[in-house]
Amino acid sequence: MTKHYWNQNPAAPAPPTWQQTPRAVPPQLGRGGAAPSTPVQPAAGTGTQPPPAAQAARRGNRVLRHWRLLVAAMMPCLLLAGIGWWLWPQPSASGPPHIAEGTVQADLLSADSVSKLAGTAMVAGPQSNRPHAPLTVTPSECAIAAGPTTQSVYGQAWKAFLSATYQDAAGSGSYTVNQVIGVFPDSKKATAAFRTLADGLTKCPSSTLTDQAGRTSKWAYTAHPATEVAVAWTATQGDTANWACYHQARVKGASLIHASVCQAGDGEPTVSMIADELTGKVTG
């Protein structure tokens, strides 16, 4: 079955703006050489009245000219009204865009599913459709351990990517879940990215991370032995008591999957369940 990927997570397009067509004002009848609305009587003594048949023909001609003027005056209004109706934005009959089965978006666990696994209410947070640039970290060989979902691991060879963050509903920042799916052109490239991650984790016991605001934080990394298709590790923040991020990465076919849970407490059981369900949804 051919898979279709939607790797754009753009924001919703702004609604179209339409310029109103100005209403046409019909010209006044009787201007510009139009016939007067009442017949002009000949002056007394200037001659005899025309026969009744001629008078009737003249009245008919005047009526016909009036109708022609009226139609000519109304045509611009009708035409402009028709154009305005045609251009006026119509309400869309379709609802929210359907997420097709097999796409990256459909493979992610919903906020409700994550809430059940985490045992706490979670709400959807930021999303990204491309890996972040490599992080600023010391020593430099810790770029993979500090940024496992960045270009340091996923590079530029992916053809679909989606990262989604869920946060605790209370907004306290005490619980964060992240899901990442990167789809590569083939399983060989996905496996290469996975090996880059697994090898990078063995090279970095600790690091100092500098964020975009120039603030630094110290982290220590503990990695479990990797298998051919999975690796798990923990990143513990040194200057925050009992705060750590628990990570698991899996390679399945042409997809590299990553799940993490950051909390004050043991998040390893939760991240294992999320990674299992996420991997089960990805078709490879």
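As shown above, the structure is provided for reference.
The structure reproduced in this document is the subject of the present report. Treat the numbers as computed from the prediction; the structure is a model and nothing was measured.

## A short note on the sheet that holds strand β5 (residues 206-210)
Okay, so step 1: One open sheet accounts for 9 strands, arranged β1-β3-β4-β9-β8-β7-β6-β5-β2; its pairing is antiparallel. Either end of the sheet is taken by a strand with one partner, and the two such strands are β1 (122-128) and β2 (136-138). Neighbouring strand axes in the sheet, compared pairwise and without regard to direction, differ in orientation by 25° on average.
Okay, so step 2: Bridge count for β2 against β5 is 3 bridges, and the pairing is antiparallel. Looking at the pairing, V137 lines up with L209 of β5.
Okay, so step 3: Contacting β1, β3 (160-168) and β4 (175-183), helix α3 (residues 111-118) crosses the sheet at an angle of about 125° to β1.
Okay, so step 4: Packed on one face of the sheet, helix α6 (residues 187-201) meets β6 (216-223), β7 (230-237), β8 (244-252) and β9 (255-263) and runs near 40° to β7.

## A look at the pairing of β5
Each regular strand shows side chains that alternate between the opposite faces of the sheet.
Okay, so step 1: Taking every second residue as pointing to the same face, the buried face of β5 carries S207 and L209, while none of S206, T208 and T210 on the other face is buried.
Okay, so step 2: Counted between consecutive antiparallel strands, the loop separating β5 from β6 contains 5 residues, among which G214 sits at a positive phi close to 90°.

## Considering the pattern of salt bridges
Okay, so step 1: Counted under the stated rule, the structure contains 4 salt bridges.
Okay, so step 2: For R195, the salt bridge is made with D199, and the minimal N-O distance between the two is 3.4 Å. Highlighted residues: R195 and D199, both in helix α6, separated by 4 residues, approximately one helical turn.
Okay, so step 3: For D199, a relative accessible area of 37% puts it in the partly exposed group.

## As for the state of the cysteines
Okay, so step 1: Scanning all chains against the criterion turns up 2 disulfides.
Okay, so step 2: Covalently, C142 is tied to C204 through a disulfide, its sulfur atoms 1.9 Å apart. Here the disulfide of C142 and C204 is right-handed, its torsion about the S-S bond being about 100°. Within this pair, whereas C142 is found in the loop between β2 and α4 (143-146), its partner C204 is found in the loop between α6 and β5, the two being separated by 62 residues in sequence. As far as burial versus exposure is concerned, C142 and C204 are alike and both buried.
Okay, so step 3: Shown here is the disulfide that connects C245 with C262, its sulfur atoms set 2.0 Å apart. An S-S torsion of about 110° defines the bridge between C245 and C262 as right-handed. Note that C245 is positioned in strand β8 and C262 in strand β9, a separation of 17 residues in sequence. Per residue, the accessibility class of C245 equals that of C262, and both read buried.
Okay, so step 4: Disulfide connectivity for the protein, with bonded cysteines indexed by sequence position, reads 1-2, 3-4.

Basis of the calculations
- Residues numbered from 1 in each chain as written.
- Predicted model: local features only at pLDDT ≥ 70, side-chain atom pairs only at ≥ 80, totals over all residues.
- Heavy atoms only, no water.
- Pairing = 2+ DSSP bridges.
- Helix = DSSP H or I, 4+ residues; strand = E, 2+ residues; numbered from the N terminus.
- Axes fitted to C-alpha atoms, helices over the stretch in contact; angles between N-to-C directions.
- Contact = heavy atoms within 4.5 Å.
- Buried < 20%, exposed > 50% of the residue type's maximum accessible area, 1.4 Å probe, protein only.
- Salt bridge = Lys/Arg side-chain N within 4 Å of Asp/Glu carboxyl O.
- Disulfide = S-S within 2.5 Å.

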